[in-house]
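Take a look at the letters that make up each chain.
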Amino acid sequence: MRIFRAVATAGLVVLTLMPASVRAQNRSIFVVGGYGTTTFEANASNVYRNDFGASVSPVILYTMGRDVVFETELEFGMNGANTTTTLEYAQIDYLGFERVQLIAGKFLVPFGVFGERIHPSWINKLPTGPVVYGHAHAGVAETGLLPVLSDAGVMMRWAQPFSGKLRLDFSAYVTQGPQLGGEDDHDEEEGAGLEDPMPFSALEDGPAPAVAFGTGFGDNNNTKMVGARLGLLSGGSAGIYVSGFTGKYDEEDDLSFTAGGLSVEWRVAGLELRGEGVLTRQKFMDEVEATTETLNRSGFYLQGSKRLDRFEPVVRWGMLADGTVDGTTTIEGHNEVALGLNFWMRPTIPLKIAYEFHEGLDDRMYVQWAYGF
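To keep things clear, this report deals only with the structure shown in the data block. In this text the structure is predicted, and so the values were computed from the model without any measurement.

So, about the pairing of strand β21 (residues 349-358). Alternating positions in β21 separate cleanly, Pro 350, Lys 352, Ala 354, Glu 356 and His 358 being buried on one face and Ile 349, Leu 351, Ile 353, Tyr 355 and Phe 357 remaining unburied on the opposite face. As defined by bridge partners, strand β20 (residues 334-346) adjoins β21 across ten bridges and the pair is classed as antiparallel. Paired with Asn 342 across the two strands is Lys 352, which belongs to β21. Hairpin connection, β20 to β21: the antiparallel pair is bridged by two residues. Both β21 and strand β22 (residues 364-372) contribute to a ladder of six bridges, which runs antiparallel. Along β22, the bridge assignment pairs Leu 351 with Trp 369.

All right, on to the packing of aromatic side chains then. One pass over the structure, following the stated rule, counts eleven aromatic pairs. Relative to Phe 245, the ring of Phe 111 lies with its centre 5.4 Å away and its plane at 70°, an arrangement referred to as edge-to-face. Separated by 134 residues along the polypeptide, Phe 111 in the loop between β5 (100-108) and α3 (114-118) and Phe 245 in strand β13 (residues 238-248) bring together distant segments of the chain. Owing to a relative accessible area of 3%, Phe 245 belongs among the buried residues under this scheme. Here the aromatic rings of Phe 114 and Tyr 133 are separated by 5.6 Å at their centres, their planes lie at 15°, and the arrangement is stacked. Taken together, the residues span a long stretch of sequence, with Phe 114 in helix α3 and Tyr 133 in the loop between α3 and β6 (136-137) at a distance of 19 residues.

What follows covers the pattern of salt bridges. Two side chains with opposite charge may pair up if their charged atoms get near one another. Taken as a whole, this structure holds twelve salt bridges when the rule is applied. In this structure, Lys 125 engages Glu 312 in a salt bridge whose closest nitrogen and oxygen atoms are separated by 2.9 Å. Separated by 187 residues along the polypeptide, Lys 125 in the loop between α3 and β6 and Glu 312 in strand β17 (residues 311-320) bring together distant segments of the chain. Of the two residues, Lys 125 and Glu 312, both sit in the buried class. Here Arg 316 ties to Glu 356 by a salt bridge, and the two come within 3.7 Å at their closest N and O atoms. Here Arg 316 is found in strand β17, whereas its partner Glu 356 is found in strand β21, with 40 residues between them in sequence. You can call Glu 356 buried: its relative accessible area is 2%. One network of salt bridges, with partners in common, ties together Glu 116, Arg 117, Arg 157 and Arg 229.

About the cut-offs
- Residues numbered from 1 in each chain as written.
- Predicted model: local features only at pLDDT ≥ 70, side-chain atom pairs only at ≥ 80, totals over all residues.
- Heavy atoms only, no water.
- Buried < 20%, exposed > 50% of the residue type's maximum accessible area, 1.4 Å probe, protein only.
- Helix = DSSP H or I, 4+ residues; strand = E, 2+ residues; numbered from the N terminus.
- Pairing = 2+ DSSP bridges.
- Phe/Tyr/Trp six-rings, centres within 6.5 Å; stacked < 30°, edge-to-face > 60°.
- Salt bridge = Lys/Arg side-chain N within 4 Å of Asp/Glu carboxyl O.

What follows is the structure, encoded as structure tokens:
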């Protein structure tokens, strides 16, 4: 689900209801929307600066007839004295089949739920993402297990309704896949001041090299990443999803990165509960022993929120388990608890205040004003 897919769908409905003579003259609909964010971040020590930040992400939808939609999102953010530009996705959707959609281009990978559906600032209940989805530099999840996944390739979506409100959703995709993370790119972006370094980093003591996702349209090997997500939904109130992907990230096609995930969500009377668990396995070469090893990592988050008129309290607990190689801990785990309170000025304009407790690390406070337009 894209942020403004509903707008495009409404446009297609209008086209369908038009008389044929009028519809022939109005085969295209152009929609511009998006979202923006202003954030203040503070912490308990002087190691990291307390800063303001801002970003804007315009979303463009263009329907070509009744069956083809082009959609794209760009992200503009502060980067020291400069402005960064990121292509979040750019894809063509073919909607001509009854229950199947075909998609090609760069798209948000349907792994779990947060990355594809919830990460935009005006939809996310808290100013930051859950601990399993880390802030990304050059496609590398500095913190957490995975970045918000976006990659170039092709995808198929299929939906099968059952009796009552039950529906089965299935997505399968083939993309360029992961690549070996570029340390130079990472250091350059971090030093440029895109935003403060996070209070901990999974890259500091990890035994395996960094793996980057969606860094370019050129592949570095002869294989592709393949993955799928299967979901069972009950109307708009509940859903459970199982996700997974695997791909080779080195030039010799010897080393793989594999991930699996379980996501659940439930909504009733303004109460929303959700959670995701993620497991990753990364093959890497031990240069000292000249052997192939496997780094195992896992984590989860649980989140609850309750809408009380225009106010909405939020609580989230996330944990990263210790990363292990042959049963030996090589990356220390991490716990995080976030408490937040949102004030909804408009249906798409939340003002958010949150405080994050990090086990053994600096606590952080955020004030964020997000707006969808």
